[in-house]
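Fold and geometry: a report
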Amino acid sequence: MPARLIVSGVSKSFVMHLRGGVQIPVISGVSFSLDAGECVVLGGPSGIGKSSILKMVYGNYGVDSGQIIAVRPDGKMTDIASANARTIHALRRSTIGYVSQFLRAVPRVSARDVVAEPLAGQGIAREEALGRAEELLEKLNLPKALWDLPPATFSGGEQQRVNIARGFITSHPVLLLDEPTASLDAQNRQVVVDLIRDKKAAGTAMLGIFHDQDVRDAVADRIVDVARFSGRGEAAA
Ligand SMILES: Nc1ncnc2c1ncn2[C@@H]1O[C@H](COP(=O)(O)OP(=O)(O)OP(=O)(O)O)[C@@H](O)[C@H]1O
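Residues numbered from 1 in each chain as written. Predicted model: local features only at pLDDT ≥ 70, side-chain atom pairs only at ≥ 80, totals over all residues. Heavy atoms only, no water.

- Looking at an unreviewed UniProt entry, one finds the chain named Phosphonate C-P lyase system protein PhnL and attributed to Roseibium litorale.
- Reading the Sequence similarities (unreviewed entry) entry of the UniProt record for the chain gives the comment "Belongs to the ABC transporter superfamily." (UniProt positions renumbered as here; feature names shortened; annotations may be inferred.)

See the structure below:
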């Protein structure tokens, strides 16, 4: 399977401006790649740098050194580590999707529209986008009575399911999964596992963080142990 994302020699430290500019190294020399149709899970203890890697790949955090190459649908490559904001924005539209456990609710927009919106952004007709949104909301067991309401007042688990539907609705070739099953009940966790398997079958390359061992076992093709790249030296193999 062709590589969709290549991370090579990536290092990151944080500068604590409120503590006199002291530098805290987090990870160093992170290297792995992600092929089409596989789900790679970032492993390692709390605080080792898993979320930081995901945020660098999505372009939220800057990269101190190294490269993060994303392969776009047209086959061209972009280095996220050195890309400007406009390029990152375009990559998020065409290439890299992100599913987190938290929904940034927009006031007065219905759950159905919140889920359909990324498809509309890709030029897909509104009726088709809304139809696919409904399919996903149904799969994720969100009561129909809620579909026309804005998610701001939904329970935490209901908001999370709206967010998961929004993250899974597009066909981005690369999908980042930031604990998408955290705090879901067993039935909905299984739905997310099934959605991930469907994406794999469709050739999507996924990079995820899952603290739930059962979910990890069910979806991971490979685990990248981030402790191997600890910039602090304590866990480096
Ligand atoms: N924006 C930031 N500013 C300063 N330090 C940060 C920032 N983001 C992360 N860190 C630090 O970097 C280290 C790695 O954090 P990160 O969230 O990537 O770990 P993690 O492996 O995802 O942990 P967990 O499993 O607990 O979520 C931590 O020591 C954290 O305090």
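Having seen the structure, we can now continue with the description.
Thoughts on the pairing of strand β8 (residues 205–209)
- Here β8 lies mainly inside the structure; 5 of its 5 residues are buried.
- Residue alternation in β8 divides its side chains into two sets, Ala205, Leu207 and Ile209 and Met206 and Gly208, and both sets are buried.
- The pairing of strand β3 (residues 39–43) with β8 spans 3 bridges and is parallel. Within the sheet, the bridge partner assigned to Val41 lies in β8 and is Gly208.
- Summarising the sheet, strand β7 (residues 174–178) and β8 pair through 5 bridges and their orientation is parallel. Each bridged residue has a counterpart across the sheet, and for Leu176 the counterpart in β8 is Leu207.
- Crossover connection from β7 via helix α6 (residues 186–201) to parallel β8: handedness right-handed. (Buried < 20%, exposed > 50% of the residue type's maximum accessible area, 1.4 Å probe, protein only. Helix = DSSP H or I, 4+ residues; strand = E, 2+ residues; numbered from the N terminus. Pairing = 2+ DSSP bridges. Right-handed = clockwise from strand over helix to strand, strands pointing away.)

Quick notes on the site of the ligand
- For the ligand, the set of nearby residues contains 14 residues, the closest of which are Ser46, Gly47, Lys50, Ser51 and Ser52.
- In the environment of the ligand, an oxygen atom lies 2.8 Å from a nitrogen or oxygen atom belonging to the side chain of Lys50.
- Ser52 is positioned such that a nitrogen or oxygen atom in its side chain is 2.7 Å from an oxygen atom of the ligand.
- Among the secondary structure elements, those contributing two or more residues to the shell around the ligand are β1 (3–16) and α1 (50–57).
- Broken down by element, the residue count for the shell around the ligand peaks at 3 residues, all from α1.
- Here the residues of the shell around the ligand are counted per class, giving 6 nonpolar, 6 polar and 2 charged. (Near = heavy atom within 4 Å. Polar contact = N/O pair within 3.5 Å; in protein donor to acceptor, adjacent residues only side chain to side chain. Nonpolar A, V, L, I, M, F, W, Y, C, P; charged D, E, K, R; others polar.)

Points about helix α5 (residues 156–168)
- Between its first and last C-alpha, α5 extends 18 Å over 13 residues, near the 18 Å set by a 1.5 Å rise per residue.
- Counting buried positions along α5 gives 10 out of 13 residues, so the element sits mostly inside the fold.
- The complete set of buried residues in α5 reads Glu158, Gln159, Gln160, Arg161, Val162, Asn163, Ile164, Ala165, Gly167 and Phe168. (Expected span 1.5 Å × (residues − 1).)

Section: the sheet that holds β3
- Spatially, 5 strands are ordered β6-β7-β8-β3-β9 in an open sheet, and the strand pairing comes out parallel. Edge positions in the sheet fall to β6 (96–100) and β9 (222–225), since each of these pairs with one other strand and no more. The mean inter-strand angle of the sheet, taken between neighbouring strand axes irrespective of direction, is 20 degrees.
- Packing against the sheet, α1 makes contact with β3, β6, β7 and β8, and its axis sits at approximately 145 degrees to β8. (Axes fitted to C-alpha atoms, helices over the stretch in contact; angles between N-to-C directions. Contact = heavy atoms within 4.5 Å.)

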